[in-house]
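# Coordinate analysis (summary)
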Amino acid sequence: MKIITVILVLVLATNFFIAESVGSSSAGEMDIDTLEVLTPKNHYILENQLISTILSRYHYKDVQLDDSLSSIIYDKYIAALDHGKNYLLASDLDKLEEYRYKLDDNLNDGNLLPFYDIFDLFRDRMQARVDYIDTILSAGFDYTIDEEFHANRDDFDWAETYNDLNELWRKRIKNDALSLKMNGKEWEDITKNLSKRYENYERLLSQYNSEDVFQLAMNSYSGAIDPHTNYLSPISSENFNIEMSLSLEGIGARLMSEDGYTKIVEIIPGGPAFKSKVLQADDRIIAVAQGEDGEFVDVVGWRITDVVQLIRGPKESIVRLQVLPAEGGLDATPIEISLVRDKIKLEDQAAKSEIFEITNEGLPYKVGVITIPKFYTDFEGQRKGEKDYKSTSRDVKKLLEELNTENVDGVIIDLRNNGGGSLTEAVEVAGLFIEKGPVVQVKDMDNNVDIVNDPDPDIIYGGPIAVLVNRFSASASEIFAGAIQDYQRGMVIGEQTYGKGTVQNLLDLNRMASHKRDKLGKVKITIAKYYRIDGGSTQNLGVIPDITFPSYVNPEEFGESSEPNALKWDQIDAAEYKMFGDLSEIIPRLSKLSDERTNNNPEFDYLKADILKYNEAVQKNSLSLNEEVRLREKEEKEEKEFQRENERRKIKGLKLLEKGEIPPEDEEEEEDSDIFISETALIITDMIRLSSGISQVQ
């Protein structure tokens, strides 16, 4: 199987270079001459040709570099520079429109100057914004005026004049200042903080180099084809290698830059951020401090590489972060988080098991829960022939054998937040629950289909199972969940999964170049697509659960389906396989019973209220710049949270809190249970109860 050699590792990939559309404010209609004009280096022509060759010959999709693709490249490039419409004028866009249908010809000719011309104009406009900050701050602000700041400008037109941009930036800086004021800062500290923050923007401008622009151009090109095809410059390639080897100590989170903020994209299983259970995807880091009492450094407007370097550090050292929680929306109150840096070890990502004893309709049950944060394998140990090298399938097999000795009634496989990993391991773990047969199909660009089968005829556990997933379950997780669902081997419960059904390979341009004078980058390219055994792809669609739980995540805003250039869902012929059973009749009954329970469960009521509040916060696109209004909104929010906390405490039999009171440290409160695990356990025992026991495979 020629494809299998290149798809051992499937990960939930994110773009490795995202241009910081960071801001400032502009004074007058003039050109800025203080910055060095950036131009492409000679070897970029060769690199561009190599990238074009790779994309046209080896990408899964038939790539035609024509006017249609040129238009998409143009839009992606403009969006990467100024997707918030904070710097460029409508007249600038009118002028740049001449490039829309010419970039394909430019790329074919090796002419990269248009990308640099566009970038230089953007950087001039950005510098003009920075130069205007002091003018705004020196004028001060009147917080009694009723006016609003709009953070998301997707639905707004480009500014027509410099005065329009000045007004836009006045409100932006006023909002920054008001947020600091409401957090107890005096005017002197506010101006000092904001001046320093926008000095960072100016420093960022001076650090842009020719390689940055080339990488941005090539990623606009590759990203116009599909979101998982990327160009990695030499420095980005080194950072990618560090991420994949996990060889540097840090907090265990993937970061990106958006609107000048450092945003968390993914929490890596086993790392300090994962163990803290505080940081979440979409949280924004605004400041970083070293040690227990180091001074916070404001990192708004910093290059993402500089923020990463500040967060990385020696093992067991402390790094403190000021974070704007995603659930707080535009007016989130900063929280401080202290983390101990550590190297992410394979054992930290290992599968683990627990046994839950529950009662359902008066009957006692024992349900085993196996949590798999990632599909991992110790390639080095395997290569060396070590007898006990770690892998997901080996670990899960041992855990299942232990659960068998405990005579559990059912097993839950928890794949929430599992972004993928080794395809081979996902296949072999699925094989622990089925006797034989296909697990996944893989199709390459030439329409060759390889069927990947369960390599082991033994069934380690033949009892009832449920697979728990969420929107962050992706890639190899979707292969496993899809196979269990297609075989009717068990139920899939939770949220619609991510929808990444493509396979990538990393190609080193240095190996393809005829000369070695200049160090070149790498291309991560989509080379294949995988399909469920029923013939349907998980691409774009993901795996749809048999029973769904409430979710914070809107599939239209996060996941493969939110990517405009993602490969589409399609279908091939089904593989030959024999279903384990037929759950089609019992699942509607189980879903109805679950709905009845969750509709009468206060914890699910709180969850639904939290989801509603979260969605309102993230969808809110305007903030009042009237201090009295903002304070009232903040007080109402805090009052609701206070009342909700006391409602929960009353249910748990705990002492109610007074306003401003902090729960006592010695208070014996049961650790919050995972309501999704609890409900999944009840669902699986409902299945046992209603079917008088699932037929067990001996």
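Residues numbered from 1 in each chain as written. Predicted model: local features only at pLDDT ≥ 70, side-chain atom pairs only at ≥ 80, totals over all residues. Heavy atoms only, no water.

### Considering the overall build of the protein
Tallying secondary structure elements over the protein gives 20 helices and 21 strands in all. Seen along its three principal axes, the alpha-carbon backbone of the protein occupies a region of about 80 × 70 × 45 Å. When contacts within the protein are restricted to residue pairs at least 6 apart in sequence, those whose partners lie at least 24 apart make up 77%. Total accessible area computed for the protein in this model is approximately 32,100 Å², and 48% of it derives from carbon and sulfur atoms. Averaging the positions of the 80 positive and the 129 negative side-chain charges in the protein gives two centres separated by 3 Å. (Helix = DSSP H or I, 4+ residues; strand = E, 2+ residues; numbered from the N terminus. Contact = heavy atoms within 4.5 Å. Areas by Shrake-Rupley, 256 points an atom, 1.4 Å probe, with all protein chains shown as cover. Lys, Arg positive; Asp, Glu negative; His and termini not counted. Charge placed at Lys NZ, Arg CZ, Asp CG, Glu CD.)

### A short note on the pattern of salt bridges
Evaluated as defined, the whole model comprises 30 salt bridges. Across the salt bridge formed by Asp 414 and Arg 416, the nearest N and O atoms sit 2.8 Å from each other. Across the pair Glu 603 and Arg 648 runs a salt bridge whose closest N-O atoms are separated by 3.7 Å. In this pair, Glu 603 sits in helix α18 (residues 602-619) while Arg 648 sits in helix α19 (residues 627-652), placing the two residues 45 residues apart along the sequence. Classification of Glu 603 by relative accessible area gives partly exposed; the value is 26%. (Salt bridge = Lys/Arg side-chain N within 4 Å of Asp/Glu carboxyl O. Buried < 20%, exposed > 50% of the residue type's maximum accessible area, 1.4 Å probe, protein only.)

### Describing the confidence of the model for the protein
With 90% of its residues at a pLDDT of at least 70, the protein reaches an overall mean of 87. Between residues 1-33, whose pLDDT stays under 50, and residues either more than four places distant or in other chains, the model counts 132 contacts. The model gives residues 693-698 a pLDDT under 50, and that stretch makes eleven contacts with residues more than four places away or in other chains. (pLDDT = per-residue confidence, 0-100.)

### Quick notes on the environment of Asp 605
Along the polypeptide, Asp 605 turns up in helix α18. On the basis of relative accessible area, Asp 605 is assigned to the partly exposed category, the value being 38%. Ignoring sequence-local partners within four residues, the contact set of Asp 605 consists of Thr 598 and Asn 599.

### A closer look at the packing of aromatic side chains
Scanning the entire structure with this criterion turns up 20 aromatic pairs. Here Tyr 87 and Phe 122 contribute two aromatic rings whose centre-to-centre distance is 5.6 Å and whose plane-to-plane angle is 90 degrees, an arrangement assigned as edge-to-face. Here Phe 122 lies in helix α5 (residues 113-130) and Tyr 87 lies in the loop between α2 (67-82) and α3 (90-96), a separation of 35 residues in the sequence. Taken as a pair, Tyr 87 and Phe 122 share a single burial class, namely buried. What links up through ring pairs into an aromatic cluster is the set Tyr 87, Phe 119, Phe 122, Trp 169, Tyr 198, Tyr 201 and Tyr 208. In this arrangement the basic side chain of Arg 284 is found over the ring face of Tyr 261, its NZ or CZ atom lying 5.1 Å from the centre. The positively charged end of Arg 394 is found above the aromatic ring belonging to Tyr 389, 3.9 Å away from the centroid. (Phe/Tyr/Trp six-rings, centres within 6.5 Å; stacked < 30°, edge-to-face > 60°. Lys NZ or Arg CZ within 6 Å of the ring centre and 35° of its normal.)

### Considerations on the nonpolar core
Membership of the largest hydrophobic core comes to 118 residues, with the highest contact counts inside it found for Tyr 221, Ile 370, Phe 433 and Phe 480. Sorting elements by how many residues they give to this core places α5 first, with eight residues. Ignoring sequence-local partners within four residues, the contact set of Tyr 221 consists of Ile 51, Ser 52, Leu 55, Leu 65, Leu 69, Ile 73 and Leu 107. Formed by 27 residues, the second largest nonpolar core is a distinct cluster that contains Val 369, Ala 466, Leu 682 and Ile 683. (Core = buried A, V, L, I, M, F, W, Y, C linked by side-chain atoms within 4.5 Å.)

### Here we look at α5
Working note: α-helix, 3.6 residues per turn, so residues spaced by three or four point in the same direction. Helix length check: α5, at 18 residues, gives a terminal C-alpha distance of 25 Å against a target of 26 Å (1.5 Å per residue), a fit within 8%. Of all the 18 residues making up α5, 16 are buried; the element is thus mostly covered by neighbouring parts of the structure. (Expected span 1.5 Å × (residues − 1).)

### Re unusual backbone geometry
The phi torsion of most residues other than glycine is negative, and most of the peptide bonds are trans. Positive phi outside glycine occurs at Glu 316, with the angle close to 70 degrees. With phi around 70 degrees, Asn 447 is a residue other than glycine that occupies positive phi space. Looking at the element boundaries, Asn 447 is found in the loop between β14 (438-444) and β15 (449-453). The class for Asn 447 is exposed, based on a relative accessible area of 54%.

### Digging into the environment of Ala 617
If you trace the backbone, Ala 617 turns up in helix α18. With 285 residues separating them in the primary sequence, Ala 617 and Ala 332 have C-alpha atoms 8.9 Å apart. Apart from residues no more than four positions distant in its own chain, Ala 617 is found in contact with Glu 327, Gly 328, Gly 329 and Leu 330.

### Details of the packing of α2 against helix α9 (residues 210-223)
Following both chains from N to C, one finds α2 and α9 inclined at 135 degrees, their axes separated by 8 Å at the closest point. By the angle class used here, α2 and α9 are oblique. With respect to the hand of their crossing, α2 and α9 are arranged in right-handed fashion. Across the interface between the two elements, Leu 69, Ile 73, Lys 76, Tyr 77, Ala 80 and Leu 81 from α2 touch Val 213, Leu 216, Ala 217, Asn 219, Ser 220, Tyr 221 and Gly 223 from α9. (Axes fitted to C-alpha atoms, helices over the stretch in contact; angles between N-to-C directions. Parallel < 35°, antiparallel > 145°, perpendicular 65-115°, else oblique. Left-handed = near helix turned anticlockwise from the far one by under 90°.)

### Considerations on α18
Compared with the 26 Å implied by 1.5 Å per residue over 18 residues, the 26 Å span of α18 between its first and last C-alpha is a close match. Every buried residue of α18 is listed here: Phe 604, Tyr 606, Leu 607, Asp 610, Ile 611, Tyr 614 and Ala 617. Angularly, the buried residues of α18 cover 150 degrees about the axis, an arc narrow enough to put them on a single face. α18 presents Leu 612 and Gln 619 as exposed residues on the side facing more than 90 degrees away from its buried surface. Buried residues along α18 sit in contact with α17 (586-598), α19 and α20 (675-690). (Arc of directions from axis to C-beta.)

### Considerations on a nonpolar patch on the surface
A surface patch of nonpolar side chains, about 260 Å² in accessible area, is lined by Tyr 58, Met 445 and Met 512. With respect to the helices, strands and loops of the structure, Tyr 58 is situated in helix α1 (residues 43-58). Accessibility expressed as a relative area gives 39% for Tyr 58, which makes it partly exposed. (Patch = residues over 30% accessible without salt bridge, like charges linked within 9 Å, V, L, I, M, F, W, Y side chains within 5 Å.)

### With respect to the side chain of Gln 441
Among the secondary structure elements, Gln 441 is positioned in strand β14. Since its relative accessible area comes to 3%, Gln 441 is described here as buried. A polar contact is formed between the side chain of Gln 441 and the backbone oxygen of Asp 573, at a distance of 3.3 Å. (Polar contact = N/O pair within 3.5 Å; in protein donor to acceptor, adjacent residues only side chain to side chain.)

### Considerations on the pairing of β14
Two faces make up the sheet, and in a regular strand the side chains alternate between them. Most of β14 is tucked away, with seven of its seven residues classed as buried. Both β14 and β15 contribute to a ladder of five bridges, which runs antiparallel. Bridge pairing links Val 442 to Asp 450 in β15. Hairpin connection of β14 to β15: four residues between the antiparallel strands, including Asn 447 at a positive phi of 70 degrees. Relative to strand β19 (residues 522-531), β14 runs antiparallel, the two being bridged by four bridges. Paired with Val 442 across the two strands is Tyr 530, which belongs to β19. (Pairing = 2+ DSSP bridges.)

### So, the sheet that holds strand β20 (residues 547-548)
The strand order across the open sheet built from six strands is β10-β11-β12-β16-β17-β20, with neighbouring strands paired in mixed fashion. With one partner strand each, in any of the chains shown, β10 (352-360) and β20 form the two edges of the open sheet. Across five bridges, strand β11 (residues 363-371) lies against strand β12 (residues 410-414) in parallel orientation. The residue of β12 that forms the bridge with Val 367 is Gly 410. Running at roughly 145 degrees to strand β16 (residues 465-469), helix α16 (residues 476-486) makes contact with β12, β16 and β17 (491-494) of the sheet. Each of β10, β11, β12, β16, β17 and β20 is contacted by α20, which is oriented at about 60 degrees to β10, the strand it contacts most.

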